[in-house]
Amino acid sequence: MNISWISITPKLKTGIDIINSIEKSQFAKLLEQIHRFHSEDPFSQSELQELQENLGLNLKQLELLLQTAFYIFKQSLKVILKPTGLQKQLVEALNFRDDKAEEFVKAWTIVTKRDFGNLEDRFNLTEISWELNLQTSSPLQSKELTPNLQLKLGLTKTHSVDEKNILLELDEKELLQLYNTFENIQNKIDFLQRND
């Protein structure tokens, strides 16, 4: 299975080899620090020095380890995967050792739950209605028509009767941007379905 959301480079492969060489508990602590701060520099200089000593790595190896872990973590948050699917891809496509993939998925699950909350308490789209209006630019230039779309989205909570309506007003440029976004989403869905 090919991970399409990560480009596997020699540098990344070397970083994964370093990840696989450290102890499981050390990798778990490292991931906890990375996801807690959501930053490429989650460690102070003194913490980096202590980490380097504890892991028995030189500075270049430590930097590559951190860059690799942060990069894979950040990329994995951009895609929708089941934890088992992510773990399988980490092991099969990136050659993570099973114990490291398991720790990675644990950290990833904590962050996705925190960032996305309880999906069962979300709104579902129940209705879409729209109206297209043409407006003139000015009374003097009545031949220049500007399209304006009013898009109404009816939303209902998953396990209740709470309803909410959202009204969007979009000009031609904004409508095109919305269309292109939906087209990109559809292309990614089609790609995932072809590779299942």
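No experiment lies behind these values; they were computed from the predicted model shown.

Asks: Just checking my understanding: could you explain the packing of helix α3 (residues 45-55) against helix α4 (residues 59-76) for this structure?
Replies: Packed helices, taken two at a time, are described by the angle their axes make and the gap between the axes. Across the interface, α3 lies against α4 with an axial gap of 10 Å and an inter-helix angle of 105 degrees. Comparing their axes, α4 and α3 come out roughly perpendicular. Here α3 contributes Leu48, Leu51, Gln52 and Leu55 to the contact with α4, which in turn contributes Leu59, Leu62, Leu65 and Leu66. The residue makeup of the contact of α3 with α4, split by class, is 7 nonpolar, 1 polar and no charged.

Asks: I'm lost on a nonpolar patch on the surface in this one. Help?
Replies: Taken together, the side chains of Phe182, Ile185 and Ile189 present a nonpolar region at the surface, about 280 Å² in accessible area. Mapped onto the elements of the fold, Ile185 is located in helix α7 (residues 172-194).

Asks: Teacher, can you tell me more about the nonpolar core here?
Replies: What tends to happen in soluble globular proteins is that the nonpolar side chains get buried as a cluster. Among the nonpolar cores identified, the biggest contains 33 residues, and Leu30, Leu65, Ile72, Leu90, Phe96 and Phe104 are the most heavily contacted of them. Put simply, the parts of the chain that give this core at least two residues each are α1 (10-21), α2 (24-37), α3, α4, α5 (83-92) and α6 (98-116). If one sorts the elements of this core by residue count, α4 sits on top with 8 residues.

Asks: What should I look at first to understand the side chain of Asn20 in this one?
Replies: Along the chain, the position of Asn20 falls in helix α1. Classification of Asn20 as buried rests on a relative accessible area of 11%. Setting aside anything within four residues of it in sequence, one finds Asn20 in contact with Asn95, Phe96, Arg97 and Lys100.

Asks: Looking at this model, I keep getting lost on the environment of Thr112. Mind explaining?
Replies: In this structure, Thr112 sits in helix α6. Residue Thr112 is classed as buried on the basis of its relative accessible area of 16%. The spacing of Thr112 and Ser76 is 36 residues in sequence and 9.9 Å in space, taken between C-alpha atoms. For Thr112, the side chain forms a polar contact with the main-chain oxygen of Thr109, separated by 3.1 Å.

Asks: Explain the pattern of salt bridges to me, please; I cannot follow it from the model alone.
Replies: Following the criterion strictly, the structure yields 5 salt bridges and no others. With its nearest N and O atoms 3.7 Å apart, the salt bridge here joins Glu102 to Lys106. Linking Glu102 with Lys106, this pair stays in helix α6, spanning 4 residues, or about one helical turn. Taking relative accessible area as the criterion, Glu102 reaches 32% and is therefore assigned partly exposed. Classification of Lys106 by relative accessible area gives partly exposed; the value is 43%. Glu103 is paired through a salt bridge with Lys106; the nearest N and O atoms lie 3.4 Å apart. Highlighted residues: Glu103 and Lys106, both in helix α6, separated by 3 residues, approximately one helical turn. Assessed through its relative accessible area of 10%, Glu103 is described here as buried.

Asks: Looking at this model, I keep getting lost on α4. Mind explaining?
Replies: For an α-helix, the turn length of 3.6 residues means that residues three or four places apart are oriented alike. Compared with an ideal rise of 1.5 Å per residue, which puts 18 residues at 26 Å, α4 spans 26 Å between its outermost C-alpha atoms and is within 8% of the ideal. The residue sitting at the N-terminus of α4 and contributing the capping side-chain oxygen is Asn58; that oxygen lies 3.1 Å from the backbone nitrogen of Lys60.

Reading the values: rules and limits
Residues numbered from 1 in each chain as written. Predicted model: local features only at pLDDT ≥ 70, side-chain atom pairs only at ≥ 80, totals over all residues. Heavy atoms only, no water. Axes fitted to C-alpha atoms, helices over the stretch in contact; angles between N-to-C directions. Helix = DSSP H or I, 4+ residues; strand = E, 2+ residues; numbered from the N terminus. Parallel < 35°, antiparallel > 145°, perpendicular 65-115°, else oblique. Contact = heavy atoms within 4.5 Å. Nonpolar A, V, L, I, M, F, W, Y, C, P; charged D, E, K, R; others polar. Patch = residues over 30% accessible without salt bridge, like charges linked within 9 Å, V, L, I, M, F, W, Y side chains within 5 Å. Areas by Shrake-Rupley, 256 points an atom, 1.4 Å probe, with all protein chains shown as cover. Salt bridge = Lys/Arg side-chain N within 4 Å of Asp/Glu carboxyl O. Core = buried A, V, L, I, M, F, W, Y, C linked by side-chain atoms within 4.5 Å. Buried < 20%, exposed > 50% of the residue type's maximum accessible area, 1.4 Å probe, protein only. Polar contact = N/O pair within 3.5 Å; in protein donor to acceptor, adjacent residues only side chain to side chain. Expected span 1.5 Å × (residues − 1).

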